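Next come the chains, spelled out residue by residue.
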Amino acid sequence: MKNILLLCLLSLALSPLAATNYYIDATSGDDSNDGLTPATAWQTLLSIQAVTFNPAPGDSILLKRGEAWRGDPLEVFFVSTAEAPLVVSNYGVATDSVPLITSVDVLPGSDVAANWTEISTNVWSLDLNLNPNRVLLDGAEVLRANELVDLGTTDGQGVFSKWFWRSDSTLFLHESANPAFRYRDGITGNISSTSMLAIGAVNMVFDGLEFEGGSVYSAAILASDSLVIKNCKIGRYASTGMGITGINTAQGYFTSSYIEVLDNTFDSGFEIFHGLGSTRGCSNGLIILSSGENCTVSGNTFRNWANNGIEMLGNFTNVGGANNNLVEDNYISAPNISFSRGISINGAEDRSALNRFYRNTIDSTRAASFVNGNNNVFEHNIIRTVRQSTAIDGPSAYGIIVAVLGNGFVSHDNDFDHNLVLNTDEAAFYILGIGAADQAMDNRIRNNIFFNNALQPFGGFYPAGQALLIDKDDLGPNTYQNNILFDEAGSPAQVFLPATGESLTVTAFNALNGTDGDVITNNLKEDPDFIDLAAGNYTPEMFGGAVDAGLDLGYDKDFVLADRNQGAAPDIGPLESGLIVPSELTEFTAQALTKTSVELNWNTISETATDRFYVERKSDHRFWAEVGSVSAAGFSRASLDYSFTDQEAPIGTLYYRLRMVDLDGSYSYSPIREITLSADGLDLRWLDLRTAELQLPDGKEMSDVTASFYSIDGRGLPLTVSGNQLQFSADLPAGIYLLVVDGKGMKVSLR
C-alpha cells in the first residue's frame, strides 16, 4: 500500500500544472480582483504590467469581446516556451466584436477653449507634444495639409486641408470659431505611439484582437522572437499598421525573428482621394526594418495604405537586415486613395536579402512596387490595374521598378519569375540606373507576362503599349528570357530605351542579346489567351502563346499551388494551364449536323468518381460559355460513348471543349475541337483523332481545294487524301497541329 501511495505522489509531482486563464473586462472588471474568472475580471491593461504578474507557459490572457481599451497600449514582454506559448485572445459572446485596443481618443487639451489660440484668421493653434498623424472631427477623418501654408486651401482634387502638426509640438486647425466649441464628439486622434507593443517577448500568440490607431505603429514588435499574430484587425487610423524590427541596447543589438503574421486584416480606414502630397494620411501596412529576419507574412489583406502595403527596409549596415523573410498569399489593394504602392524592398548589401515574395496579388494601386536589395525572389505574383497618382506630379503607375533608390543601397541578383503585370498606365517593368555605373545588375526577369501596359504614359514620354523600359545609362548587365510582352491594342513595339529614345519590337529586343553583357532570348509577342480575362481567370488557354513556352526554373507549384511542368515545359506566367487530356478520355469529335447545330461525341475507357461532362463553347476565341452538360457514369472500367448536340450554334468558327468534373469538385479539360459553320462554304470536322472529313457545298469538287497540315511551329507534315477524308500519320507525338483547306474563295481550318 505504501508503494502504491508513493507512486501516486510521484505521478502528481511530475504532472504539468494546469494552464491559467486571466480575464480582463473594460466595463465590469476591477483591477483589485484576482482576474481568474469572468466574474472577477481585471479592468485595465495595466493589470498585466504589474510586477507581481508572472504568467506561466501555456497561460492565456483573455480580453472580453465587445469591449474597448482607450489610450493605454497592450504592452507585453513575457517569455514562454515553444511547446506552451502564452496566448492573448478573447472571450465572451461570439457575435460581439473582437476586443478593441485603441490609441484614438480626444486629443489632450483640445476640449478646453483656453488652450486654443487664433494666430491668424480661422487658423487656431494648440500645444500638442505628440504628432497625432490622423485627426477626426466628430468621428470623421479630415485631411492633413501638405505644408502649413496650405492649411485652409482646397487641393487639385477638391479636398480641403484642415489640419497640420509642426515639429515644435504645435497642432494647427482651420476653424471659423474656437475648435473646443465646435464638435460634440470631440477632436480625436492618436494619443500614444502604439496600441500594442511587444518588446523582448518570446513564444506568444495574439489571436482575434483589434489594434486601432498609433501615431507610429498600431502594433510594434521589437526584439522579439517566435510570435504569432493571427486573425486580428490592425491599423485603422494608424500611421503604420505593424512594425517589426530590432532594438539597440547597452548589451548589444537584438533582432526580431520568426514572427508569423497570419490571416489578419490591415485596413487603414483612410479613404480620402486628395491632390499633391503622397503621405497626408497613413503610411505602411506592415514594415520589416533592419534586424527583422526569418519572418512569415501570409494570408493577410492590406487595404488603402498610402505608402506601401508591405515594406522591407535594410538601411543600416552595422546591424542585421530585413533578411530571409517569406511574404506569400497576401492581397494588397488601395482602390480609394490617391497614392499607394503594393510592395517595396530596398536596402544595403545583404541588408534586404534572401526574401521570397510568392503568390501575392496587388490590385488597384497608384504607384510601382520597388523590388531591390540583393538575392531576393519575386515569383508567381499578380499586379493588376495601376493608375497614375494624383498625389505626385509625375509618372507613378509602373508595375515594378528596379533601381538603386538610396545612398549605399543595392539592386542585384534578384529573380523575377512567372509574374503577371497587367493593365498599368505606365510600363509593366522599369529597370534603370541613377547616376552611377553598374547599379542595377545581374537581375533575372524570366517567364513573366506583361499584358496591356503603358495605357497612358505620363506626359507622352514614350509610346503607349510599351511593356519594358530599360534605361541603359548607368545600368549593369541583366537577363530577360521567355517573357510575353503583349497588348490587345496591337502596338507595334513593346520595349522602350529612354537613353536613346528607341522603341523596339520584341524581335529587335531579342537581337540585342549579348549587348553590354545582357542575356536577351526567347521573349515573345504572343497573346497568352487567358481563359477569362474579364473575370480574372488568368490561366492560359491550350493554344495560347504561354503554354509550354517557359524555362524550367525549378519551381514545383504555380499561383494556385497546381503542379508546374504539366506539359513539355512550364507555361509562362503565374498559372499553369493544366489542359492535359485525362487518361480515360480516348476520343472527342465535333461534327456539323446542320448550319446551326453541332454534334459532339466522346468516349471514355475508364471513369473514377466522375460526376458530369460540361460542354463549353466559344465563338470569339476569348470567352468560354457553357452550352450543356451530360451526366457521367461515375465509376466504370468499360468503354462508354457520350453525345451532345448544340442546337443553337452560331455561324462562324467555333471552339468546343469538355470540362470533366469529379465528385469532389475537381476538374480537368479535354482537348479543344474547332469547327466552322457557314451559310455557303466548307465544313471540316474530325471523325477521330487521326481523320478529318471535308464537306463541300453543292457544285464543288475535291479538285477545287488544297489541303495542308502543319505542326505548331509551321512545319509542313504529310497528309493523305482519300475521297473527302484527310488522314495523317498515327506516329506523330501528342501536340498541337493545324489542318487548313483552301480554294476558290473558300477556307476552313481545324486544330
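What counts and what doesn't
- Residues numbered from 1 in each chain as written.
- Predicted model: local features only at pLDDT ≥ 70, side-chain atom pairs only at ≥ 80, totals over all residues.
- Heavy atoms only, no water.
- Helix = DSSP H or I, 4+ residues; strand = E, 2+ residues; numbered from the N terminus.
- Buried < 20%, exposed > 50% of the residue type's maximum accessible area, 1.4 Å probe, protein only.
- Contact = heavy atoms within 4.5 Å.
- Areas by Shrake-Rupley, 256 points an atom, 1.4 Å probe, with all protein chains shown as cover.
- Polar contact = N/O pair within 3.5 Å; in protein donor to acceptor, adjacent residues only side chain to side chain.
- Pairing = 2+ DSSP bridges.
- Axes fitted to C-alpha atoms, helices over the stretch in contact; angles between N-to-C directions.
- pLDDT = per-residue confidence, 0-100.
- Phe/Tyr/Trp six-rings, centres within 6.5 Å; stacked < 30°, edge-to-face > 60°.
- Lys NZ or Arg CZ within 6 Å of the ring centre and 35° of its normal.
- Salt bridge = Lys/Arg side-chain N within 4 Å of Asp/Glu carboxyl O.
- Core = buried A, V, L, I, M, F, W, Y, C linked by side-chain atoms within 4.5 Å.

Engineer: Please give an account of the overall build of the protein that cites residues and values.
Structural biologist: For the protein, the count of helices and strands is two helices and 71 strands. Looking at the protein as a whole, 55% of its 751 residues are labelled buried. Nonlocal contacts in the protein, meaning residues at least 24 apart in sequence, comprise 68% of its contacts between residues at least 6 apart. Accessible surface for the protein amounts to roughly 30500 Å². Of this, 50% is attributable to carbon and sulfur atoms.

Engineer: Tell me what's going on with the environment of D155, and back it up with residues and numbers.
Structural biologist: Position of D155 among the secondary structure elements: in the loop between β11 (140–144) and β12 (161–166). On the basis of relative accessibility, which here comes to 17%, the residue D155 falls in the buried class. On a C-alpha basis, the gap between D155 and A145 in space is 9.2 Å, while along the polypeptide they are 10 residues apart. Those residues in contact with D155 that lie beyond four places of it in its chain are L143, H274, G275 and R280. Within the structure, the side chain of D155 is placed 2.9 Å from the backbone nitrogen of Q157, a separation counted as a polar contact. Side chain to side chain, D155 and R280 meet in a polar contact 3.2 Å long.

Engineer: Before we move on, could you go through the sheet that holds strand β9 (residues 123–127) and cite the residues and values that matter?
Structural biologist: Through backbone hydrogen bonds, the strands of a sheet pair up, either in parallel or in antiparallel fashion. If you walk across this open sheet you meet the eight strands as β7-β14-β10-β11-β12-β13-β9-β8, and the pairing is mixed. Each end of this open sheet is capped by a strand with a single partner; those strands are β7 (104–106) and β8 (117–120). Between one strand axis and the next, the sheet turns through 35 degrees on average, direction left out of account. Relative to strand β14 (residues 187–190), strand β10 (residues 135–137) runs antiparallel, the two being bridged by three bridges. Its bridge partner lying in β14, V135 is registered against G189.

Engineer: Account for the confidence of the model for the protein, with residues named and values stated.
Structural biologist: Looking at the protein, the pLDDT average stands at 88 and 89% of residues meet or exceed 70. Residue range residues 579–583 is modelled with pLDDT below 50. Its contacts to residues more than four positions away, or to other chains, number 12 contacts. Here residues 744–751 is modelled with pLDDT under 50, and outside its nearest four sequence neighbours on either side it reaches 40 contacts, counting other chains as well.

Engineer: Can you tell me about the packing of aromatic side chains, naming the residues and giving the values?
Structural biologist: One pair of aromatic rings is described through two measures. These are the centre distance and the angle between the planes. Per the stated rule, a full pass over the model turns up 24 aromatic pairs. Measuring from ring centre to ring centre gives 5.2 Å for F416 and F429, while their planes differ by 85 degrees; the resulting arrangement is edge-to-face. Remark: F429 occurs in strand β45 (residues 429–432) and F416 occurs in strand β43 (residues 415–417); sequence separation between them is 13 residues. Per residue, the accessibility class of F416 equals that of F429, and both read buried. Between the NZ or CZ atom of R341 and the centre of the ring of F370, over which it lies, the distance is 3.9 Å.

Engineer: Break down the pattern of salt bridges for me, citing the residues and quoting the values.
Structural biologist: For the structure shown, the criterion picks out 29 salt bridges. Linking R446 and D415 is a salt bridge whose minimum nitrogen-to-oxygen distance equals 3.5 Å. You can see R446 sitting in strand β47 (residues 444–446) and its partner D415 sitting in strand β43, a full 31 residues away along the chain. Its relative accessible area of 13% is what places R446 among the buried residues. Two residues, K618 and E541, come together in a salt bridge whose shortest N-O distance is 3.5 Å. On the criterion of sequence distance, the pair formed by K618 in strand β59 (residues 610–618) and E541 in the loop between β56 (537–540) and β57 (585–594) is long-range, its members being 77 residues apart. Given the relative accessible area of 2%, K618 is considered buried. Ionic contacts of the salt-bridge type, sharing partners, join the residues D529, E541, E616, K618, E626, R657 and R659 into one network.

Engineer: Residues and numbers for the nonpolar core, please.
Structural biologist: Of all hydrophobic cores here, the largest spans 84 residues; its most connected members are L74, F206 and M242. Excluding residues within four positions of it along the chain, M242 makes contact with Y217, A219, I221, I229, I234, V261, F266, G285, L286 and I287. Listed in part, the 20 residues of the second largest apolar core include L585, A592, A649 and L677.

Engineer: With reference to specific residues and values, describe unusual backbone geometry.
Structural biologist: The backbone of Y258 shows a phi angle near 55 degrees, a positive value even though the residue is not glycine. Relative to the assigned elements, Y258 resides in the loop between β24 (256–257) and β25 (260–262). Since its relative accessible area comes to 48%, Y258 is described here as partly exposed. At D413, a position not held by glycine, the phi torsion is positive, near 55 degrees. Looking at the secondary structure, you find D413 in the loop between β42 (411–412) and β43.

Engineer: Lay out the sheet that holds strand β61 (residues 640–646) in plain terms, naming residues and giving numbers.
Structural biologist: An order of β57-β58-β61 is seen for the three strands of this open sheet, with the pairing classed as antiparallel. Only two strands of the sheet have a single partner each, and these edge strands are β57 and β61. Shown here is a sheet whose adjacent strand axes are inclined to one another by a mean of 15 degrees, direction ignored. Sheet analysis places β57 next to strand β58 (residues 597–604), joined by eight bridges and oriented antiparallel. The residue of β58 that forms the bridge with T589 is N601.

Engineer: Tell me about the pairing of strand β44 (residues 420–424), and name the residues and values.
Structural biologist: Burial of β44 is extensive: four of the five residues sit out of reach of the surface. In this sheet, β44 lies alongside strand β40 (residues 382–386) in parallel orientation, the contact comprising four bridges. Note that in β44 the partner of R384 across the bridge is L422.

Engineer: Tell me about the side chain of E210, residues and numbers included.
Structural biologist: Looking at the element boundaries, E210 is found in strand β17 (residues 210–212). With residues near it in sequence (within four places) discarded, E210 still touches V98, P99, L100, I101, K233 and R236.

Engineer: I'd like to hear about the environment of A590, residue by residue, with values.
Structural biologist: With respect to the helices, strands and loops of the structure, A590 is situated in strand β57. By relative accessible area, A590 is classed as buried at 1%. Considered as a pair, A590 and F644 are 54 residues apart in the sequence and their alpha carbons are 9.7 Å apart.

Engineer: Account for the side chain of T539, with residues named and values stated.
Structural biologist: Looking at the secondary structure, you find T539 in strand β56. A polar contact is formed between the side chain of T539 and the side chain of N537, at a distance of 3.0 Å. Ignoring sequence-local partners within four residues, the contact set of T539 consists of D529, F530, I531, L575, E576 and S577.

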